[in-house]
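Tertiary structure, described
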Amino acid sequence: MKQVIQNNRRKIVSFLTLLVIFILWEISLTLFDVSKIVLIKPSAIISRLVTDRDIIFGELLYTITEIIPGWIIGNFLGFIVAVLIYRSKNLSKSLVRTSVLINSIPLIALTAILGGIMGTGKDLKIVIVSLLLFFPMFITTLTQLSCIDQNQKDLLYSYSATDKEILFKVLLPKSLPLILNTVKVSVVTAIFTAITAEFFGGYGGIGIFILSKKGLYNLELVWASIFAIAIFGSIFYFTVGFVQQKLTPWHQS
């Protein structure tokens, strides 16, 4: 039992901290009789999440079909492009400059620009998520694959190593922990980007649902939707983290 607690100490501490926050939140709102317009009790939020779960998770599922494809496409393309061009310094520098330019465009403006071309449907959100995840993955992979000096390369060449062998047997294994860490962190970015993009138009999704219920001052449903997003985000993030640990057991991120 002690060993189990020791191995899961961080998780236990995180859970207890979250539990204490919810308890204090509930007690504070009860004691001080705070208006529901300002803040909602956790008990009321959870109750609404249960009673309206079909509607809330139905809208969340729509958004998930934007998040997951965008997350996969953005990370995959960023990784593949970096692997293909990491040896070409001029092309790499050009794409890095492009990434800085695109990432400096506010999400609102990017949504408006692409929305005028593609419309405000699901495809737009997938493209925006993919685009914003592409460049962090591209830059991370490119930086990691370039972290080998000429002397190290010459040593490997002296052992008759080919560029392909250096890539697959040295550079990629060395880079894998940080690349997977970027994949994990991108989960949060993907969720935030998809939901924010929904605020500016669309045919469904949890972002539009939150915006509509906020306009009707149905704040219990708004908070319940936020809780649903938090639940999905936590499951998604920790699932990716679990896969990361299995793929890189030698590295503690």
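**Remarks on the nonpolar core**
In this structure, I56, W71, I191, I206 and F236 are the most contacted members of the largest nonpolar core, which totals 33 residues. Of all the secondary structure elements, the ones that give two or more residues to this core are α2 (9–32), α3 (42–51), α4 (53–85), α7 (122–145), α9 (163–198), α10 (206–215) and α11 (219–247). Per-element accounting of this core gives the leading share, 10 residues, to α11. Other than its neighbours up to four places away in sequence, I191 contacts I67, I229, F232, G233 and F236. Counting residues in each nonpolar core, the second largest holds 14 residues, with V83, I102, F134 and I166 among its members.

**Concerning α10**
Within α10, the full set of buried residues consists of I206, G207, F209 and I210. Summarising the axial view, the buried residues of α10 lie within an arc of 160°, below the 170-degree limit, and thus occupy one face. With its phi angle positive at about 60°, Y217 sits one or two positions after the end of α10.

**Considering the packing of α2 against α3**
In contact at an axis separation of 8 Å, α2 and α3 are set at 110° when each is read in the N-to-C sense. Accordingly, the angle class assigned to the pair α2 and α3 is roughly perpendicular. Of the residues in α3, those touching α2 at F22, W25 and E26 are P42, S43 and I45.

**Considerations on the packing of aromatic side chains**
Counted according to the given criterion, the structure contains 9 aromatic pairs. With a centroid separation of 5.6 Å and 35° between ring planes, the pair formed by F232 and F236 is classed as tilted. Taken together, the residues F232 and F236, both in helix α11 and 4 residues apart, mark about one turn of the helix. Both residues of the pair, F232 and F236, belong to the buried class.

**Here's the deal with the side chain of T193**
Secondary-structure assignment places T193 in helix α9. The buried category is assigned to T193, whose relative accessible area is 2%.

**Comments concerning the environment of Y86**
Among the secondary structure elements, Y86 is positioned in the loop between α4 and α5 (89–103). Y86 gets classed as buried once you look at its relative accessible area, which sits at 12%. Separated by 57 residues in the primary sequence, Y86 and T143 place their C-alpha atoms 8.5 Å from one another.

**A look at the confidence of the model for the chain**
Predicted confidence across the chain gives a mean pLDDT of 83, with 89% of residues reaching 70 or more. The secondary-structure element of the chain with the lowest mean pLDDT is helix α1 (residues 2–7), recorded at 56, while α4 shows the highest, at 93.

**A few points about the pattern of salt bridges**
As enumerated under the stated definition, the model contains 2 salt bridges in all. In this structure, the salt-bridge partner of R48 is D52, at a minimum N-O distance of 2.4 Å. Owing to a relative accessible area of 22%, R48 belongs among the partly exposed residues under this scheme. Relative accessible area serves as the criterion here: at 18%, D52 is assigned to the buried category. Between E220 and R48 there is a salt bridge, with its nearest N and O atoms 3.4 Å apart. Pair noted here: E220 is in helix α11 and R48 is in helix α3, with a separation of 172 residues, a long-range link. You can call E220 buried: its relative accessible area is 19%.

Definitions and cut-offs
- Note on numbering: residues in each chain are counted from 1, in written sequence order.
- The model is predicted, so local features are restricted to residues of pLDDT at least 70 and side-chain atom pairs to those at 80 or more, both for listing and for counting; the totals for chains, interfaces and linings are taken over all residues.
- With hydrogens and water set aside, each side-chain value is computed from the structure's full complement of heavy atoms.
- Only buried residues count toward a nonpolar core, which is a set of Ala, Val, Leu, Ile, Met, Phe, Trp, Tyr and Cys residues joined through side-chain atoms within 4.5 Å.
- Under the scheme applied here, a residue whose accessible area is under 20% of the maximum for its type counts as buried, over 50% as exposed, and between as partly exposed, the area being computed with a 1.4 Å probe on protein chains only.
- By definition, any uninterrupted DSSP run of H or I lasting at least four residues is a helix, any uninterrupted run of E lasting at least two residues is a strand, and each is numbered from the N terminus.
- It only takes one pair of heavy atoms within 4.5 Å for two residues to be counted as in contact.
- The arc in question is traced by the directions running from the helix axis to the C-beta atoms.
- Here an angle of 0 to 180 degrees is reported between the N-to-C directions of two axes, which are lines fitted to C-alpha atoms, with helices fitted over the stretch in contact.
- Reported orientations rely on four angle classes, namely roughly parallel under 35 degrees, roughly antiparallel over 145, roughly perpendicular from 65 to 115, and oblique for the rest.
- Classification of ring pairs rests on two measures: the distance between centres of Phe, Tyr or Trp rings, Trp counted by its six-membered ring, which must be within 6.5 Å, and the angle between planes, read as stacked under 30 degrees, edge-to-face over 60 and tilted in between.
- Per-residue confidence from the predictor is reported as pLDDT, which spans 0 to 100.
- Salt bridge criterion: a side-chain nitrogen from Lys or Arg within 4 Å of a carboxyl oxygen from Asp or Glu.

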